Amino acid sequence: MIEETEVSRAIVENAVKDFLDCLEVDVAIAGGGPSGLVAARYLAESGAKVALFERKLSLGGGMWGGGMMYPKIVVQKEARCILDDFGINYQKEGEQYIASSIESVAKLVSNAVDSGARLFNCISVEDVLIREEVVNGFVLNWSTVDVAGLHVDPLAIKARYCVDATGHPLEVCSIVCRKVGKLNTPSGGIMGERSMWADVSERLVVENTGEVYPGLYVSGMAANAVYGSPRMGPIFGGMLLSGKKAAELITKRL
Ligand code: 48F
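What counts, and where the lines are drawn
- Within every chain, residues take consecutive numbers counted from 1 along the sequence as written.
- Thresholds applied to this predicted model are a pLDDT of at least 70 for local features of residues and 80 or more for the giving and counting of side-chain atom pairs; totals over whole chains, interfaces and linings are not thresholded and use all residues.
- Side-chain numbers come from the whole structure's heavy atoms, not from hydrogens or water.
- Type-normalised accessible area, obtained with a 1.4 Å probe on protein chains alone, sets the label of each residue: buried when under 20%, exposed when over 50%, and partly exposed for intermediate values.
- Under the scheme used here, helices are H or I runs from DSSP no shorter than 4 residues and strands are E runs no shorter than 2 residues, and both carry numbers assigned from the N terminus.
- A pair of strands counts as paired when DSSP detects no fewer than two bridges linking them.
- Handedness of a crossover is defined as follows: with both strands directed away from the viewer, a clockwise route from the first strand across the helix to the second makes it right-handed.
- To be near a molecule or strand, a residue needs just one of its heavy atoms within 4 Å of it.
- What qualifies as a polar contact is a pair of N or O atoms within 3.5 Å, subject to a donor-acceptor requirement within protein and to the restriction that residues adjacent in sequence count only when both atoms come from side chains.
- Here the Shrake-Rupley method, with its probe set to 1.4 Å, supplies the accessible areas, and only the displayed protein chains count as covering residues.
- Basically, the charged four are Asp, Glu, Lys and Arg, the nonpolar ten are Ala, Val, Leu, Ile, Met, Phe, Trp, Tyr, Cys and Pro, and anything else, Gly included, counts as polar.
- Two cysteine sulfur atoms make up a disulfide if the distance between them is within 2.5 Å.

Asks: Report on the pairing of strand β2 (residues 50–53), specifying residues and quantitative values.
Replies: Within a regular strand, the side chains alternate between the two sheet faces. Side chains of β2 alternate between two faces, with Val50 and Leu52 and Ala51 and Phe53 buried alike. Sheet topology note: the strand β1 (residues 24–30)/β2 ladder contains four bridges and is parallel. If you follow Ala30 over to β2, its bridge partner there is Phe53. As a crossover connection, the stretch from β1 through helix α2 (residues 34–45) into β2 is right-handed. Pairing analysis gives three bridges linking β2 to strand β6 (residues 118–120), with the strands arranged parallel. From the neighbouring strand, Phe53 faces β6, where its bridge partner is Phe120.

Asks: So what about the site of the ligand? Which residues, and what values?
Replies: Residues in contact with the ligand amount to 27 residues; listed here are only the nearest, Glu54, Gly62, Val125, Glu171 and Met221. For the ligand, a nitrogen atom lies 2.9 Å from a polar atom in the backbone of Val125. Protein burial of the ligand: of its 730 Å² of free accessible surface, 93% is covered by the chains. Among the secondary structure elements, those contributing two or more residues to the shell around the ligand are α2 and β7 (123–131). Grouping the amino acids of the shell around the ligand by side-chain chemistry returns eleven nonpolar, twelve polar and four charged.

Asks: Which residues make up the state of the cysteines, and what are the values?
Replies: When the sulfur atoms of two cysteines share a covalent bond, that bond is a disulfide. Under the defined criterion, the tally for this structure stands at zero disulfides. Distance from the sulfur of Cys122, which forms no disulfide, to the nearest cysteine sulfur (Cys22) is 16 Å. Overall, Cys122 belongs to the partly exposed group, its relative accessible area being 25%.

Set out below in structure tokens:
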């Protein structure tokens, strides 16, 4: 006998328990694209309590679509170790490695889950908590509230460190810049993403990964957008390495 109300109770009670368990974490990550998922796995594996919040129904960000919806991604040799670490299959083509975008997303998500990171979908980061000029948490709301244009107040969680892994729109950095007026960039503001130049961009995305405001790290495409670096298209090695670097930098401080 399946009792519908028991199904309802099991879902609501367990989902609320998971959320309550993440009211205070070591690291909160905004965005479940490749850089956020890689950071989540390595942080959780090093013993940190990690919660990742993704606006959309599915995690994976811009990786699903490969290049122009051809479901393949390219990863350069420097990041092959991460494909191996996550068990992602690939073929060598010249100096690059080619993998299925669908398999890559599936394995990034499953590795992040297995590491113990807590992944939440359908939740948007709409603001941050700031205490004494340090970011120390996220202000969250259901993504549907935003889509429906409803006036509903959000809830907040605390984190020792936060990561903006929101990709091209660099939403968390934009909020902090708008509200605080300064970031740790040469201009003090958001320098803006440049047009495509894969070779340079892949190197810079790793260099740009770091603490962009006290308590707030930036990884992935958001790191290039904040520091005025180019985009790269469907080459994902830099994204993966950027997530790993963010995890390493934060792990040293925890
Ligand atoms: O865009 P996305 O995949 O970012 P990434 O990890 O990787 C970039 C590449 O996909 C690609 C590229 C290729 O090299 O340039 O674009 O840097 O993933 C960002 C995720 O963040 C979510 C968004 O839905 C996406 O899944 N996101 C964006 N804003 C918010 C958010 C927000 N305010 N709160 C929660 N999630």
